[in-house]
Number of protein chains: 2
Amino acid sequence: MPSISTKGQLMPESPIRKLVPFAEDAKKRGIDVIHLNIGQPDIKTPEIALDAVRNHKIEVLAYSRTEGSETYRSKLAAYYAKQGIKVEAQDIIVTTGGSEALSFTMGTIADPGDEIIIPEPFYANYNGFATAMGLRVVPVVSGIERNFALPPIEDFEIHIGPRTRAILICNPGNPTGYLYSKEEIEKLANLVRKHDLFLVADEVYREFTYDNREHFSILNEDGLENQGIVVDSVSKRYSMCGARVGCMISRNKEVIKTALKFAQARLSPPTLAQIASEAALDTPQEYFDAVIEEYVERRDILIEELEKIPDVVVAKPQGAFYCMAELPVEDADHFAQWLLEHFEDKGQTVMVAPAAGFYATPGLGKNQIRIAYVLEKDKLKRAVALLEKALIQYARL
Amino acid sequence: MPSISTKGQLMPESPIRKLVPFAEDAKKRGIDVIHLNIGQPDIKTPEIALDAVRNHKIEVLAYSRTEGSETYRSKLAAYYAKQGIKVEAQDIIVTTGGSEALSFTMGTIADPGDEIIIPEPFYANYNGFATAMGLRVVPVVSGIERNFALPPIEDFEIHIGPRTRAILICNPGNPTGYLYSKEEIEKLANLVRKHDLFLVADEVYREFTYDNREHFSILNEDGLENQGIVVDSVSKRYSMCGARVGCMISRNKEVIKTALKFAQARLSPPTLAQIASEAALDTPQEYFDAVIEEYVERRDILIEELEKIPDVVVAKPQGAFYCMAELPVEDADHFAQWLLEHFEDKGQTVMVAPAAGFYATPGLGKNQIRIAYVLEKDKLKRAVALLEKALIQYARL
């Protein structure tokens, strides 16, 4: 039997995936598992997007253009203009989810053996794409005690070497919920200018910012035209995770031209989902206002309830819909599995994402979990109550 | 300005793409360009698939499972059973087009620097995916004079070395239209068994076989359970190129488990398109019968007309909807561009795909073109008439 590639063996497994069989077993035993572990919002997709698909007039479901349909890219450029971001349609490649934008970006800017610096904890799949491309992720620790703010620039600088190609951030952050300030973005911009690196920003949570704080895109930073690359997606913005439509944006023409070669190999992004995504751009502002209000309420309840539990440390998120919490346990992986295997209260338990998978440095985040507040408030409250009861029982083991 | 990756610089551009600006210019001059260059069929998508999308009941357009929805995978397994191919749902990963299945397969079985042997001419994007993954494509020439039949096994064997990981075939072939016989598949199976390699078969044109010839899948070959990997797609079968739904099939559990890790990084295949693809599985047999009849008529007309042109050599395709032709020109690239820039007859010209891009060996296929017979018969006839006139004019230059 021929052997699997070394790369395939090195590919990380999703930190949540390991728990899935335990959740399935619990459900088979009749347990109601409340999911705090997933980034799949329960928010309804805008009707305007769903209707566009219902009313399609397609006779031949044909390829779109490799870089995405012309009308969609033009409207996207107009959307960014409304956000104060000046880009043209030609600076945009429509991708199959933000995932593909990340993959094209990494392939365009780095070769096997090259390094990308990422503040940790970070979205676990960055590691997956980097491994698939043979790149090395170099983590810079951001601590829960500072709410996961940007680490000091010196911490980045000591890791910059001849193989460093880029700094990658997620803003607002998954899993941290941290929203980088304009000053923090400027510091990063100065750093990449000084060392001639790319700055890649995953801004898929752009519109999820709270407490009247504004998102500052790296594309708004002057003098970063040739070094800034943004990864975006409709998944979270319009609760359209299943569309698999995202985009890659850069004003660097060489970057776009090269990424387009990767895009050509896979022919085109999905046509039906582009129809939905184009229509979604006309979603009225009230939709977003209501969504933001809902998330703020959920976040506030979540934080309030979590802070009541003794020895739980919570970071206060200002964006996205995740919250990192430090628990009074030694190994959150073990605790998460125990929750599914051995805990229940009135027929219910809770599933959380152990945070170690969001760190590249071994041993970090072992007592942390990520909570996605994508559930209704009552369910969220009940989930935290379950967590509290579970922690008491778990401490007695 | 930071530099582009070496890999990005090496990524091949689509052989057709270079001609696109010339086609657009011609259209701007009012010329009607008949496209013989693309694999986008004009055949209508089955109503049953389009209706499923029209009638969707989605409220939240959510991620599907990473490996594809359970119901779709089960129905796919039943479809393969009907084709005489015994696979279970667990042997299938639903992918974003056959493209992604190729990419997952290459990542799973080969590391940068490893080699994959492919009979040439071959689908140009194999080269794109291989370059993106850092793999080396080792071509084995199949000649137009033998209708692009499988090259002698010795020609493969002399290229097998310590870095060889797999043999990749496309059956029926794009761009050749050649349908491998059971005997040819068995020869390849023996070869990969002898040398402990993977045999990867792109079978996206499986149902497009003519003259009562039957497709023999590598999955039907006994004793290849651990070495066979099939790439498939709904794109051509149901004229749903824009869906971007395909799959990767293998009975080797280690292969599926590893490919799933690559799949996890990109979360899930597109949800709307899976709905269409699942419904498409119920397309009545009459649809396919009519399509096959149409393609056979088109092929016959195309071959008949092409063979009337002096010094044109045509391979007779028994499958897919492509035909390779050798023209009395030195450089088909130049001729194809000239067709768009300088030729017209009654306001019309024709766009063809120069075949050099389908060969990995420099200099091969320079006088060949690929013709996709995805147009109505009258248009096809007119296109060949244009080609004949153009060749006469071009010879006088």
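In this numbering scheme, every chain counts its residues from 1 along its sequence in written order. A letter from A marks each chain and a number from 1 marks each ligand, given out in the order of writing. Only residues with pLDDT of at least 70 get local features here, since the model is predicted, and only at 80 or more are side-chain atom pairs given and counted; chain-wide, interface and lining totals rely on the full set of residues. Calculated side-chain values reflect all of the structure's heavy atoms, with hydrogen atoms and water omitted.

Undergrad: Got a minute to help me understand the overall build of chain A in this structure?
TA: For helices the rule is a DSSP run of H or I covering at least 4 residues; for strands it is a run of E covering at least 2, with both sets numbered from the N terminus onward. Of regular secondary structure, chain A possesses 13 helices and 13 strands. Computed over its C-alpha atoms, the radius of gyration of chain A comes to 21 Å, within 12% of the 21 Å expected for a compact globule of 397 residues. Projected onto its principal axes, the C-alpha coordinates of chain A cover approximately 60 × 60 × 55 Å. Burial status across chain A gives 64% buried among its 397 residues. Restricting the contact set of chain A to residue pairs at least 6 apart, pairs at least 24 apart contribute 77%. Every radius of gyration here is taken over C-alpha atoms, with the globule rule written as 2.2 Å times N^0.38, N being the number of residues. Accessible area is worked out with a 1.4 Å probe on protein chains only. A residue is then buried under 20% of its type maximum, exposed over 50%, and partly exposed in between. It only takes one pair of heavy atoms within 4.5 Å for two residues to be counted as in contact.

Undergrad: So what exactly am I meant to see when it comes to the pairing of strand 3 (residues 115-120) of chain A here?
TA: Within a regular strand, the side chains alternate between the two sheet faces. Residues and elements named next belong to chain A. Counting buried positions along strand 3 gives 6 out of 6 residues, so the element sits mostly inside the fold. Residues of strand 3 alternate between two faces, with E115, I117 and P119 on one and I116, I118 and E120 on the opposite face, all of them buried. Pairing of strand 3 with strand 4 (residues 136-141) involves 6 bridges; the strand directions are parallel. From the neighbouring strand, I117 faces strand 4, where its bridge partner is V138. In this region the chain leaves strand 3, passes through helix 6 (residues 125-133) and returns to the parallel neighbour strand 4; the handedness of that crossover is right-handed. Whether two strands pair depends on DSSP finding at least two bridges between them. The handedness rule is simple: strands pointing away from the viewer, and a clockwise path from the first strand over the helix to the second, make the crossover right-handed.

Undergrad: Mind showing me how you'd approach the relation of the copies chain A and chain B here?
TA: Between the two chain copies there is a screw-like relation: a rotation about an axis and a shift along it. The atoms used to superpose the copies are C-alpha atoms, taken from residues with pLDDT of at least 70 in both, and the fit is least squares. Least-squares fitting of chain A to chain B yields an RMSD of 0.0 Å, with the superposition described by an axial translation of 0.0 Å and a rotation of 180°. Taken together, the rotation and translation relating the two chain copies correspond to the operation of a two-fold axis. For chain A, the residue whose C-alpha comes nearest the rotation axis is R54(A), separated from it by 2.0 Å. In this assembly, 100% of the residues forming the interface of chain A have copies in chain B that are likewise at the interface, indicating an isologous arrangement.

Undergrad: Mind showing me how you'd approach the sheet that holds strand 8 (residues 246-249) of chain A here?
TA: Where strands meet in a sheet, backbone hydrogen bonds hold them as pairs that are either parallel or antiparallel. Residues and elements named next belong to chain A. Pairing is mixed in the open sheet, where 7 strands are placed in the order 2-8-7-6-5-3-4. If you trace the sheet from one side to the other, it starts and ends with strand 2 (92-95) and strand 4, each paired once. Averaged over all pairs of adjacent strands, the angle between strand axes in this sheet comes to 20°, irrespective of strand direction. The sheet contact formed by strand 5 (residues 164-170) and strand 6 (residues 198-202) spans 5 bridges and is parallel. Axis definition: a line fitted to C-alpha atoms, limited for helices to the stretch in contact. Angles are taken between N-to-C directions and run from 0 to 180 degrees.

Undergrad: What is the right way to read the interface of chain A and chain B from this model?
TA: Contacts between chain A and chain B engage 79 residues on the former and 79 residues on the latter. Under the rule applied, a polar contact is a pair of N or O atoms within 3.5 Å (in protein, one hydrogen donor and one hydrogen acceptor; residues adjacent in sequence only if both atoms are side-chain atoms). Inspection of the region where chain A meets chain B yields 42 residue pairs in polar contact (both at pLDDT 80 or more). Mapped onto the side of chain A that touches chain B, the elements with two or more residues apiece are helix 1 (6-10), helix 3 (47-54), helix 5 (97-109), helix 6, helix 9 (253-265) and helix 10 (271-280) of chain A. Sorting elements by how many residues they give to the side of chain A that touches chain B places helix 9 of chain A first, with 8 residues. Looking at side-chain class alone, the side of chain A that touches chain B contains 36 nonpolar, 25 polar and 18 charged residues. In this count, Pro and Cys sit with the nonpolar residues alongside Ala, Val, Leu, Ile, Met, Phe, Trp and Tyr, while Asp, Glu, Lys and Arg are called charged and the others, Gly among them, polar.

Undergrad: Explain the state of the cysteines here, please?
TA: Chemically, a disulfide is nothing more than a covalent bond linking the sulfur atoms of two cysteines. Disulfide: a pair of cysteine sulfur atoms within 2.5 Å of each other. Within the structure shown, the criterion is met by 0 disulfides over all chains. C247(A) takes part in no disulfide bond, and the closest cysteine sulfur to it belongs to C170(A), at a distance of 15 Å. Accessibility expressed as a relative area gives 3% for C247(A), which makes it buried. The closest cysteine sulfur to the non-disulfide-bonded C241(B) is located on C170(B), 14 Å from its own sulfur.

Undergrad: Where do I start with the pattern of salt bridges in this structure?
TA: Opposite charge on two side chains allows them to pair when their charged atoms are near. By convention in these notes, a salt bridge is any Lys or Arg side-chain nitrogen within 4 Å of a carboxyl oxygen on Asp or Glu. Under the counting rule described, the total for this entry stands at 56 salt bridges over all chains. With a closest N to O distance of 3.4 Å, R65(A) and E67(A) form a salt bridge. Between K75(B) and E278(B) there is a salt bridge whose closest N-O contact spans 3.4 Å. Of this pair, K75(B) sits in helix 4 (residues 70-82) while E278(B) sits in helix 10 (residues 271-280), placing them 203 residues apart in sequence. Exposure remark for E278(B): the relative accessible area of 16% places this residue in the buried category.

Undergrad: Any chance you could explain unusual backbone geometry here in plain terms?
TA: Backbone geometry follows two general trends: most residues other than glycine have a negative phi, and most peptide bonds adopt the trans configuration. In this chain, E120(B) is followed by P121(B) through a cis amide linkage whose omega measures 0°. Inspection of the secondary structure assignment puts P121(B) in the loop between strand 3 (115-120) and helix 6 (125-133). Along the chain, N174(B) connects to P175(B) via a cis peptide bond; the corresponding omega equals 15°. Tracing the backbone through its elements, the reader meets P175(B) in the loop between strand 5 (164-170) and helix 8 (182-195). Here N212(A), not a glycine, exhibits a phi torsion of approximately 60°, which is positive. Here N212(A) is to be found in the loop between strand 6 and strand 7 (228-233). One non-glycine residue, D211(B), lies in positive phi territory at about 60°. Within the secondary structure, D211(B) sits in the loop between strand 6 (198-202) and strand 7 (228-233).

Undergrad: Mind showing me how you'd approach the packing of helix 11 (residues 285-308) of chain B against helix 13 (residues 377-395) of chain B here?
TA: Between two packed helices, the angle of one axis relative to the other and the distance separating the axes together describe the packing. All names here are of chain B. Packing of helix 11 against helix 13 brings their axes to within 10 Å, and their N-to-C directions diverge by 20°. Comparing their axes, helix 13 and helix 11 come out roughly parallel. The interaxial crossing formed by helix 11 with helix 13 has right-handed handedness. Residues E294, E297, R298, I301, L302, E305, L306 and K308 of helix 11 form the contact with helix 13, whose participating residues are K377, L380, K381, V384, L387 and E388. Across the contact of helix 11 with helix 13, the residue classes break down as 6 nonpolar, no polar and 8 charged. Oblique is the label for any angle not under 35 degrees, not over 145, and not in the 65 to 115 range, which are roughly parallel, roughly antiparallel and roughly perpendicular in turn. Left-handed is the label given to a crossing in which the near helix is rotated counterclockwise from the far helix by less than a right angle, and right-handed is the label when the rotation is clockwise.

Undergrad: Could you clarify how one ought to interpret the packing of aromatic side chains in this entry?
TA: How two aromatic rings sit relative to each other is given by the distance of their centres and the angle of their planes. Aromatic contacts are taken between Phe, Tyr and Trp rings whose centres are within 6.5 Å, Trp giving its six-membered ring; a plane angle under 30 degrees counts as stacked, one over 60 as edge-to-face, and the others as tilted. Counted by the stated rule, this structure contains 34 aromatic pairs over all chains. The rings of Y205(A), F208(A), Y295(A), F321(A), Y322(A) and Y373(A) are connected pair by pair, giving a single aromatic cluster.

Undergrad: Would you take a moment to explain the confidence of the model for chain A for this structure?
TA: In low-pLDDT regions, the fine details of the predicted coordinates are not to be read closely. Confidence scores labelled pLDDT are given residue by residue by the predictor and lie between 0 and 100. For chain A, the mean per-residue pLDDT works out to 96, and 100% of the residues sit at or above 70. For this predicted complex, the interface confidence score (ipTM) comes to 0.95, while the overall pTM stands at 0.96.

Undergrad: Honestly, the domain arrangement of chain A in this entry has me stumped. Any pointers?
TA: Interface size is commonly expressed as the accessible area that is lost once the parts come together. Residue and element names in this part refer to chain A. By the assigned domains, chain A splits into domain 1 (6-44 + 286-395) and domain 2 (47-280). With centres defined by C-alpha atoms, the gap from domain 1 to domain 2 works out at 26 Å. Each partner contributes residues to the interface: domain 1 has 39 residues there, and domain 2 has 35 residues. Overall, the association of domain 1 and domain 2 removes approximately 3,100 Å² of surface from exposure, summing both partners, and the carbon and sulfur fraction of that is 61%. Once two parts are joined, some of their accessible surface, as seen by a 1.4 Å probe, is lost; buried area is that loss totalled over both. A per-residue breakdown of the area domain 1 buries against domain 2 is headed by F288, Q318 and F358, which together make up 21% of the total. If you look at where domain 1 meets domain 2, you find 1 salt bridge. Between R299 and D211 there is a salt bridge whose closest N-O contact spans 2.8 Å. Inspection of the domain 1/domain 2 interface yields 15 residue pairs in polar contact (both at pLDDT 80 or more). Looking at the side of domain 1 that touches domain 2, the element that brings in the most residues is helix 11 (residues 285-308), giving 7 residues. Of the residues in the side of domain 1 that touches domain 2, the class split is 26 nonpolar, 7 polar and 6 charged. Each domain's limits were defined by an automated method or a database of domain assignments.

Undergrad: Would you explain the sheet that holds strand 12 (residues 353-354) of chain B in this entry?
TA: All names here are of chain B. Read from one edge of the open sheet, 4 strands run 9-10-13-12, paired in antiparallel fashion. Strand pairing shows two members of the sheet lacking a second neighbour, strand 9 (313-314) and strand 12, which therefore form its edges. One ladder, built from 5 bridges, connects strand 10 (residues 322-326) with strand 13 (residues 368-372); its direction is antiparallel. The residue of strand 13 that forms the bridge with A325 is I369.

Undergrad: For this particular structure, what's the right way to read the packing of helix 5 of chain A against helix 6 of chain A?
TA: Residues and elements named next belong to chain A. Contact geometry for helix 5 and helix 6: axes closest at 10 Å, N-to-C directions at 40°. When the axis of helix 5 is compared with that of helix 6, the two are oblique. The two elements helix 5 and helix 6 meet at a crossing, and its hand is right-handed. In this structure, helix 5 contributes S99, L102, S103, M106 and G107 to the contact, and helix 6 contributes Y126, F129, A130 and M133. Residue classes in the contact of helix 5 with helix 6 are distributed as 6 nonpolar, 3 polar and no charged.

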